[in-house]
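# Coordinate inspection notes
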Amino acid sequence: MTRKHKVSAKAVDTRILAIYALDQLIDYIRTIDPDLKPDEATFLAAITLHSLPELFRENASLVDRFREAGAEIKCKRRNI
């Protein structure tokens, strides 16, 4: 499969940041249950990510915090 557009350096950097955050989540899951193998902790991290939309639907204050953070990011973008 070929890409129709070039991925910006900023997009690559943010993907790297997301991978780092995922690694931290996996490490944290292993602190909860140290007997989990790395692949098992990764699977639980995937389940966690998959369940986030439901968590958002059930927690309006969490959605509000994300909206505020998004607004701050957009504001900074406009001021650059």
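Keep in mind that this is a model prediction, so the values were computed, not measured. Along each chain, the written sequence defines residue order, and numbers are assigned to residues from 1. Local features are withheld for residues below a pLDDT of 70 in this predicted model, meaning they are given only at 70 or higher, and side-chain atom pairs are given and counted only at 80 or more; totals for whole chains, interfaces and linings count all residues. Processing note: side-chain calculations cover all non-hydrogen atoms of the structure and skip hydrogens and water entirely.

## Some remarks on the overall build of the protein chain
Counting its secondary structure elements, the protein chain contains three helices and zero strands. The secondary structure listing takes helices from DSSP runs of H or I that are at least 4 residues long and strands from runs of E that are at least 2 residues long, numbered from the N terminus. Written out in order from the N terminus, the α and β elements of the protein chain read α-α-α. This radius of gyration counts C-alpha atoms alone. The globule rule is 2.2 Å times how many residues there are, raised to the power 0.38. For the protein chain, whose C-alpha radius of gyration is 17 Å, the value lies well above the compact-globule estimate of 12 Å for 80 residues. Principal-axis analysis of the C-alpha atoms gives the protein chain an extent of 45 × 40 × 25 Å. Each residue is assigned to one of three classes by its accessible area relative to the maximum for its type, calculated with a 1.4 Å probe on protein chains only: buried under 20%, partly exposed between the two thresholds, exposed over 50%. Out of the 80 residues belonging to the protein chain, those deemed buried represent 8%.

## Some details on the pattern of salt bridges
Where side chains of opposite charge bring their charged atoms close, a pairing between them can arise. Salt bridges are defined by distance alone: a side-chain nitrogen of Lys or Arg within 4 Å of a carboxyl oxygen of Asp or Glu. Evaluated as defined, the whole model comprises two salt bridges. In this structure, Glu54 and Arg57 form a salt bridge, with 3.0 Å as the shortest nitrogen-oxygen distance. Residue Glu54 and its partner Arg57 are located together in helix α2 (residues 38-58), separated by three residues, close to a single helical turn. Classification of Glu54 as partly exposed rests on a relative accessible area of 36%. Under the relative-accessibility criterion, Arg57 is labelled exposed at 62%. Across the pair Arg67 and Asp64 runs a salt bridge whose closest N-O atoms are separated by 3.9 Å. Residue Arg67 and its partner Asp64 are both found in helix α3 (residues 60-79); the two are separated by three residues, about one turn of the helix. Relative accessible area serves as the criterion here: at 39%, Asp64 is assigned to the partly exposed category.

## Here's the deal with α2
One fewer than the residue count of a helix, multiplied by 1.5 Å, yields its expected span. With 21 residues, α2 should cover 30 Å at 1.5 Å per step; its first-to-last C-alpha distance of 30 Å lies within 8% of that length. In this analysis the local bend is the angle between axes fitted, respectively, to the seven residues ending at and the seven residues starting at the residue. Taken as a whole, α2 carries its principal kink of about 40° at Leu52; the proline Pro53 stands between one and four residues after it.

## Focus: a nonpolar patch on the surface
Together, Leu22, Leu49, Leu52 and Leu55 make up a nonpolar patch on the protein surface, roughly 290 Å² of accessible area in all. The greatest single-element share of the nonpolar patch, amounting to three residues, is contributed by α2. Inspection of the secondary structure assignment puts Leu55 in helix α2. Leu55 gets classed as partly exposed once you look at its relative accessible area, which sits at 39%. Each patch is built from salt-bridge-free residues with over 30% relative accessible area, joining like charges within 9 Å and nonpolar side chains (Val, Leu, Ile, Met, Phe, Trp, Tyr) within 5 Å. Surface accessibility in these figures is a Shrake-Rupley result with a 1.4 Å probe; residues are shielded only by whichever protein chains are displayed.

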